[in-house]
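# Secondary and tertiary structure notes
Listed below are the residues making up each chain.
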Amino acid sequence: NDMHTDKKYLGRGSKMAAKLIKGIEIREEILGDIRKEVQKISNKYGVIPGLATILVGDNPASISYVTLKVETANRLGFKEIQENLPEDISEEELFALIAGYNKDDTINGILVQLPLPEHIDEKKVLYAIDPDKDVDGFHPINIGRLMLGGSEVKFPPCTPAGIHEMIIRAGVNTDGAEVVVVGRSNIVGKPIANMLLQKDPHANSTVTVAHTHTKDLAAHCRRADILIVAAGVPGLVRPEWIKPGACVIDVGVNRIGEKISEKTGKKVAVLRGDVDFEAVSKIAGAITPVPGGVGPMTITMLMQNTLNSLKYKLGIMQV
Ligand code: NAP
């Protein structure tokens, strides 16, 4: 779809060769489209997307992710229900709550914020969510659908879906491209590798997946036309690993310290990606910054999945 192949998200920073792929701008454009579509559906069908977010305990990172999800859903005119559950809630109580939302017609998406406390079996919880409301895309049925590809895909997991969308919108050619993914987690590495090898003009890549047992990681990275790094190791990828002109997607979000925010005067985390940004951006053709790159895309795709869930239900988008 050439409509999405738009160079306007690419900007050149001073002294760097690479174009910057700006996740924040892409996010605003997608959220704008979602907001308009919510209005249209509301006018025509009298319904809005509904999202239930479930938070257990008070892990500060989880609280800030959930707060951002809730704020975004509200901004888009979704119905949003937030459950803040105590750390010591039993598995049975949590399952009962999920079962309630599975049956609730006004809820199209159910999200349980991970990680969960030790006494709760994360796998059992994810399996308890109705696959047709699993907007995180973590249920085995949705992972199977992703593997099959094409029109089978219902809810692609949000971070890989965001990465894919960024690559497409930045106008980077994936067809026949050598893609190297560093990291094989279930939430980033495996699904993005799978998405890019599908038989589709926005995929059709030759994909290599690297991990800690990979021999000569540098040599693999040097072959990459598109290098996607999701390892969780700050500064892992060096400039000499980059093929000149390659597209580099840095998924890593590593807290390397704290600083006082100039805007708010509050303490905030200093974040660094998995790529040596300064040096790599002199060699790459396009690169995502950290923060402001892949990060903002994840919640955006969660909102897209929730809207899509309602559209599937209304029969206005085919599965
Ligand atoms: P994860 O579950 O810890 O997996 C890391 C993967 O990287 C593993 O497959 C590991 O290999 C591989 N790896 C680690 N060190 C390596 C090295 N030195 N060389 C080669 N491979 C190496 O991580 P994740 O959940 O996928 O997250 C990865 C990073 O992305 C983290 O920084 C995380 O914060 C970030 N993240 C960001 C977003 C977002 O922006 N929205 C979302 C999710 C994750 P093994 O399998 O062999 O151990």
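Everything quoted here is computed from the prediction, not taken from an experiment.

### A look at the side chain of Lys154
Tracing the backbone shows Lys154 in the loop between helix 5 (140–148) and helix 6 (158–169). Reaching out from Lys154, the side chain makes a polar contact with the side chain of Asp132 at a distance of 3.0 Å.

### Here we look at the site of the ligand
In the vicinity of the ligand, 21 residues are found, and the nearest of them are Arg184, Ser185, Thr212, Val253 and Thr298. Contact between the ligand and Arg184: an oxygen atom at 2.7 Å from a side-chain N or O atom of the residue. Backbone polar atom of Val251 to an oxygen atom of the ligand: 3.4 Å apart, as the coordinates give it. Isolated, the ligand exposes 930 Å² of accessible area, and the fraction of that covered by the protein chains is 69%. Per-class residue counts for the shell around the ligand are 10 nonpolar, 10 polar and 1 charged.

### Topic: a nonpolar patch on the surface
Taken together, Tyr45, Val47 and Ile316 make up a surface patch of nonpolar side chains, about 210 Å² in accessible area. Residue class for Tyr45 comes out partly exposed when judged on its relative accessible area of 35%.

### As for the side chain of Thr174
Mapped onto the elements of the fold, Thr174 is located in the loop between helix 6 and strand 6 (178–182). The contacts of Thr174, once residues within four sequence positions are left out, are Ile167, Leu196, Pro201, His202, Ala203, Asn204, Ser205 and Ile226.

### Digging into the pattern of salt bridges
According to the stated counting rule, one finds 13 salt bridges in the structure shown. Notably, a salt bridge pairs Asp132 with Lys154, separated by 3.0 Å at the nearest N-O pair. Within this pair, whereas Asp132 is found in the loop between helix 4 (122–128) and helix 5, its partner Lys154 is found in the loop between helix 5 and helix 6, the two being separated by 22 residues in sequence. With relative accessibility at 34%, the residue Asp132 sits in the partly exposed group. Note on Lys154: relative accessible area 9%, which makes it buried. For Arg238, the salt bridge is made with Asp276, and the minimal N-O distance between the two is 3.2 Å. Linking Arg238 in the loop between strand 8 (226–229) and strand 9 (247–250) with Asp276 in the loop between strand 11 (267–272) and helix 9 (277–280), this pair joins segments that are 38 residues apart in sequence. One connected set of salt bridges, linked through shared partners, spans Arg27, Glu28 and Arg75.

### Describing the nonpolar core
Ranked by internal contacts, the top residues of the largest apolar core, which has 45 residues, are Ile34, Ile163, Ile228, Ile249 and Met303. Contributions of two or more residues to this core are made by helix 1 (23–45), helix 6, strand 6, helix 7 (189–196), strand 8, strand 9 and helix 10 (295–314). Discounting residues that sit within four places of it in the chain, Ile228 has contacts with Ile163, Ile167, Val179, Val180, Val181, Val182, Ile192, Leu196, Ile249 and Val251. Ala18, Trp241, Ala246 and Val248 belong to the second-largest nonpolar core, a separate cluster that totals 21 residues.

### So, the pairing of strand 10 (residues 254–260)
Examined bridge by bridge, strand 10 and strand 11 share 6 bridges and lie antiparallel to one another. Paired with Ile260 across the two strands is Lys267, which belongs to strand 11. Linkage of strand 10 to strand 11, two consecutive antiparallel strands, is achieved through a turn of 6 residues, within which Gly265 is found at a positive phi near 75°.

### Examining a negative patch on the surface
On the surface, a cluster of negative charge is made up of Asp58, Glu87, Asp88, Glu92 and Glu93. Residue position: Glu92 is located in helix 3 (residues 91–103).

### Describing the packing of aromatic side chains
In this structure the tally under the stated criterion is 1 aromatic pair. A centroid spacing of 5.8 Å and a plane angle of 80° characterise the contact between Phe155 and Tyr312, whose relative ring orientation is edge-to-face. Here Phe155, found in the loop between helix 5 and helix 6, pairs with Tyr312, found in helix 10; they are 157 residues apart in sequence, far enough to count as distant. Its end group placed over the ring of Tyr312, Lys154 keeps NZ or CZ at 4.9 Å from the ring centre.

### Let's talk about the environment of Ala231
Within the fold, Ala231 resides in the loop between strand 8 and strand 9. Along the backbone, Ala231 and Ser185 are 46 residues apart, and their C-alpha atoms lie at a distance of 8.7 Å.

### Side note on the pairing of strand 9
Of the two faces of strand 9, the one carrying Cys247 and Ile249 and the one carrying Val248 and Asp250 are both buried. Sheet analysis places strand 9 next to strand 12 (residues 286–287), joined by 2 bridges and oriented parallel. Looking at strand 12, one finds that Cys247 is bridged to Ala286.

### Remarks on the environment of Thr106
When you line up the elements, Thr106 lands in the loop between helix 3 and strand 5 (109–112). On the basis of relative accessibility, which here comes to 36%, the residue Thr106 falls in the partly exposed class. Taking C-alpha positions, Thr106 is 32 Å from Lys190, a pair spaced 84 residues apart along the chain. Setting aside its immediate chain neighbours within four residues, Thr106 contacts Gly50 and Lys79. A distance of 2.7 Å separates polar atoms of two side chains, one belonging to Thr106 and the other to Lys79. At 2.8 Å, the side chain of Thr106 and the side chain of Asp104 are in polar contact.

The rules behind each value
Residues numbered from 1 in each chain as written. Predicted model: local features only at pLDDT ≥ 70, side-chain atom pairs only at ≥ 80, totals over all residues. Heavy atoms only, no water. Helix = DSSP H or I, 4+ residues; strand = E, 2+ residues; numbered from the N terminus. Polar contact = N/O pair within 3.5 Å; in protein donor to acceptor, adjacent residues only side chain to side chain. Near = heavy atom within 4 Å. Areas by Shrake-Rupley, 256 points an atom, 1.4 Å probe, with all protein chains shown as cover. Nonpolar A, V, L, I, M, F, W, Y, C, P; charged D, E, K, R; others polar. Patch = residues over 30% accessible without salt bridge, like charges linked within 9 Å, V, L, I, M, F, W, Y side chains within 5 Å. Salt bridge = Lys/Arg side-chain N within 4 Å of Asp/Glu carboxyl O. Buried < 20%, exposed > 50% of the residue type's maximum accessible area, 1.4 Å probe, protein only. Contact = heavy atoms within 4.5 Å. Core = buried A, V, L, I, M, F, W, Y, C linked by side-chain atoms within 4.5 Å. Pairing = 2+ DSSP bridges. Lys, Arg positive; Asp, Glu negative; His and termini not counted. Charge placed at Lys NZ, Arg CZ, Asp CG, Glu CD. Phe/Tyr/Trp six-rings, centres within 6.5 Å; stacked < 30°, edge-to-face > 60°. Lys NZ or Arg CZ within 6 Å of the ring centre and 35° of its normal.

In short, the description is geometric, and any link to function would need to be established separately.
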